[in-house]
4 protein chains.
Amino acid sequence: MEKKQQILAAALALFVEFGFHGTPTAKVAQDAGVANGTLFHHYKTKDELVVNLYNSVKEELAAYLSEITHESDFITPKFKNIFTHTLYWALQNRAKFYYIRQFEVSPHYAKISADTIEKHGAIMNQLITEGVKKKLLQTRPVDLMLSLYNSNIFGIYQYIINSKPEPEEQQAAVLAGYEMVWDMLRYKG
Amino acid sequence: MEKKQQILAAALALFVEFGFHGTPTAKVAQDAGVANGTLFHHYKTKDELVVNLYNSVKEELAAYLSEITHESDFITPKFKNIFTHTLYWALQNRAKFYYIRQFEVSPHYAKISADTIEKHGAIMNQLITEGVKKKLLQTRPVDLMLSLYNSNIFGIYQYIINSKPEPEEQQAAVLAGYEMVWDMLRYKG
Amino acid sequence: MEKKQQILAAALALFVEFGFHGTPTAKVAQDAGVANGTLFHHYKTKDELVVNLYNSVKEELAAYLSEITHESDFITPKFKNIFTHTLYWALQNRAKFYYIRQFEVSPHYAKISADTIEKHGAIMNQLITEGVKKKLLQTRPVDLMLSLYNSNIFGIYQYIINSKPEPEEQQAAVLAGYEMVWDMLRYKG
Amino acid sequence: MEKKQQILAAALALFVEFGFHGTPTAKVAQDAGVANGTLFHHYKTKDELVVNLYNSVKEELAAYLSEITHESDFITPKFKNIFTHTLYWALQNRAKFYYIRQFEVSPHYAKISADTIEKHGAIMNQLITEGVKKKLLQTRPVDLMLSLYNSNIFGIYQYIINSKPEPEEQQAAVLAGYEMVWDMLRYKG
DNA sequence: TATGAATGAGGTTTCATTCAT
DNA sequence: AATGAATGAAACCTCATTCAT
């Protein structure tokens, strides 16, 4: 079990730095401190490793978010809570967050089943659907809102990463971003 | 000159379908109708081809945008003009637009010089800077506004692509997206 | 271990016949009875193979010479012993001896460290140094004597090879050569 | 005519530094300041260039030697004259001298006709034959004497190059070398 | 005579994967 | 479960040579 974690950790670091194809499995094994064959003992193919890593990262993020939210919370604060904590998590797990992007733009993403994708987006999907119904969010297609939500998360993250401010500045930027996005999506009479 | 264009065209189609690494240079040459060596006669490296293709696509988009705008235009309509035409161009040049994303998320992007990146973003940078100064846009960091602008372009594009509507629906979606983004960035007393 | 030896043996035969560049690594692997990748598993580079082969041949000769000599031998017979046995070895290991020349004239030779070169020449260097000190050899720079020693080995070898005499003739030629060289280097009042 | 010389000069410098196979014809052309095709206009193949360069260098050396000797000279001073001037030439034309060695050890050498080889060695061959007959040189096979003569030239050259002394030291070393070699080959009662 | 774009065979090297231990 | 030598297909790239201008 230990070794699988080492492999995932090494793969994450290398994939983020050099890309999937820029990273030989031999290098992953070496950095993980295991033998070449061991990697293939745990993951039948390189693709399987790539996909497993994505799923494990996604699940980690999902677990974190479900930890800081509760079913019973009101929609408006819940939205803020999820939005800001997603960014906090991203800033503290940059490699993992970068890997998510990298993976989702790659042809590998096609191998993720529709079910899994839907499951990953379920929380926000539900939240937005409810928000629209209760007239807390604009009356627009849910998919459009969701897509904008996601791309704004990336946009703000990108901005913060590039301008590399201090931790306090980062927090301020997250809040500023939240305000803008909320203002964009909220219901206006 | 002819052959260079053929190579770029073949590379674009293949890279978008199979990814950089999923595309052998031999296949690019073959699809371009030139000999293998010809590709390397014009581009010393596969990497050089990948980067040149990116630059050529970016320049094409920039040329298109500068064609449909005029220095003298007012900021507000100019913003709308650029925003909507960027999306129209993206929808009519999907492979090229997809390639831009693919490239910018890849490690190759690190090879693009800061100068070049700034040049590519110059038009919008200038527009937003001016808009902020004239109190037509919110008083926020220009880089944040720019980052959000870009990510929203991608978000809306993604939404339209995924929900595959008819041309008219596409146009409506573009306008809806424009309204939301403008509402997000515009000055509010 | 086995396979590394097979690769070296195949490389020697081919390099001597066709030269380094006239010999594809694929041919080396094939003649060695191993897969192409196996060669690169043991030698990261073709260059590394070329250099390793040289070192291994040089060490073999050194081992042979140290086998037939003893520290305690007197200088004069020791000189004769080494001189003649070097030639005997060369005549019985023509490919290896030819390879040494081929390598030392090639640009590859520049990659051999000064330390290694000195180590290879250590036995004769010591012997000549001592011979000069004890007034058994001429009072000339040791490096000059060493250089002449080596080139005369090659000269006599070349003569024998070209005139292809019978074994007995070869032995006579070796002794004749020895006499001339010894006469050239020995102390003369 | 000019361009052929430029090509030969560039080829010499590059072949000496990188070897025949380490030097692309394209690089030769570039360094010579001519177009790629121009090289092949003057030399049908790369091999032809390699061989022509060898012949031109050999002829240059032969011309120089015949310039400083006369048919009528006595054998003993003529021998000294040729020996020392060969070394002087070598020291002042290092690249050319190095190229001769490089070429003669390579498989290319097999392409030089026996006639040409004999012609190149004719002067010394004749001199040694005559010297043996007149009991000025030892009664040994001419080929052996010739082979030793040549290898000693290389040996002394090598020594001088490696110990890099000042010009005066070089001259002294040449003379010391001459004395040793003459002492080796001369007739002794 | 000179050019340089074009060619394509062939070379070196990489790398995911297997398998005997 | 773990190893690492062995594999061989396939990738990238080189380069001598040709040819239309």
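Residues numbered from 1 in each chain as written. Chains lettered and ligands numbered in written order. Predicted model: local features only at pLDDT ≥ 70, side-chain atom pairs only at ≥ 80, totals over all residues. Heavy atoms only, no water.

S.K.: What's the story with the relation of the copies chain B and chain A in this structure? I'm lost.
M.R.: Mapping chain B onto chain A is achieved by rotating through 178° and translating by 0.0 Å along the same axis, at an RMSD of 0.3 Å. The two molecules are tied by a two-fold rotation axis, judged by turn and shift. A share of 97% of the interface residues of chain B reappears at the interface of chain A, consistent with the copies meeting face to face through the same patch. (Least-squares fit on C-alpha atoms with pLDDT ≥ 70 in both. Contact = heavy atoms within 4.5 Å.)

S.K.: So what exactly am I meant to see when it comes to the packing of aromatic side chains here?
M.R.: Each aromatic ring pair is summarised here by two numbers: the centre-to-centre distance and the angle between the ring planes. Residue and element names in this part refer to chain A. Inspection of the entire model under this criterion finds 68 aromatic pairs over all chains. Between F20 and Y99 the ring centres are 5.8 Å apart and the planes differ by 85°, which places this aromatic pair in the edge-to-face class. Placement of the pair is F20 in the loop between α1 (2-18) and α2 (25-32) and Y99 in helix α6 (residues 94-105), with a sequence separation of 79 residues. Each member of the pair F20 and Y99 is classed as buried. Connected via pairs of aromatic rings, a cluster forms that spans F15, F20, Y54, Y99, F103 and Y109. (Phe/Tyr/Trp six-rings, centres within 6.5 Å; stacked < 30°, edge-to-face > 60°. Helix = DSSP H or I, 4+ residues; strand = E, 2+ residues; numbered from the N terminus. Buried < 20%, exposed > 50% of the residue type's maximum accessible area, 1.4 Å probe, protein only.)

S.K.: What is the right way to read the domain arrangement of chain A from this model?
M.R.: Accessible area lost upon the coming together of the parts is a frequently used measure of interface size. All names here are of chain A. With domains assigned, chain A is organised as domain 1 (1-44) and domain 2 (51-185). Taking only C-alpha atoms, the centre of domain 1 and the centre of domain 2 are 28 Å apart. Counting the surface lost from both domain 1 and domain 2, the interface buries some 850 Å², and carbon and sulfur atoms represent 80% of this. Where domain 1 packs against domain 2, one counts zero salt bridges. Counting across the interface, domain 1 meets domain 2 through one residue pair in polar contact (both at pLDDT 80 or more). Residue composition of the side of domain 1 that touches domain 2, grouped by class: seven nonpolar, two polar and no charged. (Domains from an automatic or database assignment. Buried area = accessible area lost by both parts, 1.4 Å probe. Salt bridge = Lys/Arg side-chain N within 4 Å of Asp/Glu carboxyl O. Polar contact = N/O pair within 3.5 Å; in protein donor to acceptor, adjacent residues only side chain to side chain. Nonpolar A, V, L, I, M, F, W, Y, C, P; charged D, E, K, R; others polar.)

S.K.: Just checking my understanding: could you explain the protein's contact with DNA strand F for this structure?
M.R.: Neighbouring residues of DNA strand F: 29 residues in total, closest T38(A), H41(A), K46(B), T38(C) and H42(C). For DNA strand F, the backbone makes up 68% of the atoms found within 4 Å of the protein, where backbone means sugar plus phosphate. At 3.2 Å from a phosphate oxygen of DNA strand F is found a main-chain nitrogen or oxygen belonging to A35(A). H41(A) is positioned with one of its side-chain polar atoms (N or O) 2.4 Å from a phosphate oxygen of DNA strand F. Among the secondary structure elements, those contributing two or more residues to the surface near DNA strand F are α3 (36-42) of chain A, α3 (36-42) of chain B, α3 (36-42) of chain C together with α3 (36-42) of chain D. Considering every element that reaches the surface near DNA strand F, the biggest residue donor is α3(A), with five residues. Residue composition of the surface near DNA strand F, by class: eight nonpolar, 17 polar and four charged. (Near = heavy atom within 4 Å.)

S.K.: Just to check I follow, could you spell out the environment of Y149(B) for this structure?
M.R.: Residues and elements named next belong to chain B. By the element assignment, Y149 lies in helix α9 (residues 142-163). For Y149, a relative accessible area of 3% gives the class buried. Placed 66 residues apart in sequence, Y149 and F83 show a C-alpha to C-alpha distance of 8.7 Å. For Y149, the contacting residues outside a window of four places in its chain are F79, I82, F83, T86 and M124.

S.K.: Please explain the relation of the copies chain D and chain C as it appears in this structure.
M.R.: Two chain copies here: they are related by a rotation about an axis and a translation along the same axis. With an RMSD of 0.4 Å, the fit of chain D onto chain C corresponds to turning through 178° and sliding 0.1 Å along the axis. Looking at the interface residues of chain D, 94% of them are also at the interface in chain C, so both copies use one shared face.

S.K.: Even after reading the chapter, I still don't get the packing of helix α5 (residues 75-92) of chain D against helix α8 (residues 142-163) of chain D, so can you show me in this structure?
M.R.: The relative placement of two packed helices comes down to the angle between their axes together with the axis-to-axis distance. Residues and elements named next belong to chain D. Where α5 meets α8, the axes come as close as 10 Å, and the angle between the chain directions of the two elements is 45°. By the angle class used here, α5 and α8 are oblique. The interaxial crossing formed by α5 with α8 has right-handed handedness. Touching F79, I82, F83, T86, L87, A90 and L91 of α5 are Y149, I153, I156, Y157, I160 and I161, all from α8. By residue class, the composition of the contact of α5 with α8 is 12 nonpolar, one polar and no charged. (Axes fitted to C-alpha atoms, helices over the stretch in contact; angles between N-to-C directions. Parallel < 35°, antiparallel > 145°, perpendicular 65-115°, else oblique. Left-handed = near helix turned anticlockwise from the far one by under 90°.)

S.K.: I would appreciate a short explanation of the packing of α6(A) against helix α6 (residues 94-105) of chain B in the present structure.
M.R.: For the pair α6(A) and α6(B), interaxial distance at closest approach is 9 Å and the crossing angle is 145°. Handedness of the α6(A)/α6(B) crossing: left-handed. Contact with α6(A), carried on its side by Y98(A), R101(A), Q102(A) and V105(A), involves Y98(B), R101(B), Q102(B) and V105(B) of α6(B) and no other residues of that element. The residue makeup of the contact of α6(A) with α6(B), split by class, is four nonpolar, two polar and two charged.

S.K.: So what exactly am I meant to see when it comes to helix α4 (residues 46-68) of chain B here?
M.R.: Count 3.6 residues to each turn of an α-helix, and residues three or four apart come out pointing the same way. The end-to-end C-alpha distance of α4(B) is 34 Å, a good match for the 33 Å that 23 residues give at a rise of 1.5 Å each. Those residues of α4(B) that fall on the buried side of the exposure criterion are L49(B), V50(B), V51(B), L53(B), Y54(B), N55(B), V57(B), K58(B), L61(B) and L65(B). (Expected span 1.5 Å × (residues − 1).)

S.K.: Looking at this structure, I do not really get the interface of chain D and chain C. What am I missing?
M.R.: The interface is formed by 31 residues belonging to chain D together with 30 residues belonging to chain C. Buried surface at the junction of chain D and chain C, both sides included, amounts to about 2,500 Å², of which 66% is carbon and sulfur. Of all residues in chain D, V105(D), Y159(D) and M180(D) give up the largest surface area on contact with chain C, accounting jointly for 27% of the area buried on that side. On the surface where chain D and chain C come into contact, there are four salt bridges. Between E179(D) and R140(C) there is a salt bridge whose closest N-O contact spans 3.6 Å. For the pair chain D and chain C, the interface holds eight residue pairs in polar contact (both at pLDDT 80 or more). Those elements that provide at least two residues to the side of chain D that touches chain C are α1 (2-18), α6 (94-105), α8 and α9 (167-185) of chain D. In terms of residue count, α8(D) provides more of the side of chain D that touches chain C than any other element does, 11 residues in total.

S.K.: Whenever I open this one, the side chain of Q170(B) confuses me. Can you help?
M.R.: One can find Q170(B) in helix α10 (residues 167-185). The residues touching Q170(B), leaving out its near neighbours within four places in the chain, are L91(B), R94(B), I160(B) and P165(B).

S.K.: What is the right way to read the interface of chain B and chain A from this model?
M.R.: Listed as interface residues are 30 residues of chain B and, on the opposing side, 31 residues of chain A. Buried area between chain B and chain A, summed over both chains or domains, comes out near 2,600 Å², and the portion from carbon and sulfur atoms is 66%. Broken down residue by residue, the surface that chain B buries against chain A is led by V105(B), Y159(B) and M180(B), which jointly contribute 27%. If you look at where chain B meets chain A, you find four salt bridges. Linking chain B to chain A there are eight residue pairs in polar contact (both at pLDDT 80 or more). The set of elements that each furnish at least two residues to the side of chain B that touches chain A consists of α6, α9 and α10 of chain B. The element best represented in the side of chain B that touches chain A is α9(B), accounting for 11 residues. Residues belonging to the side of chain B that touches chain A are distributed by class as follows: 15 nonpolar, nine polar and six charged.

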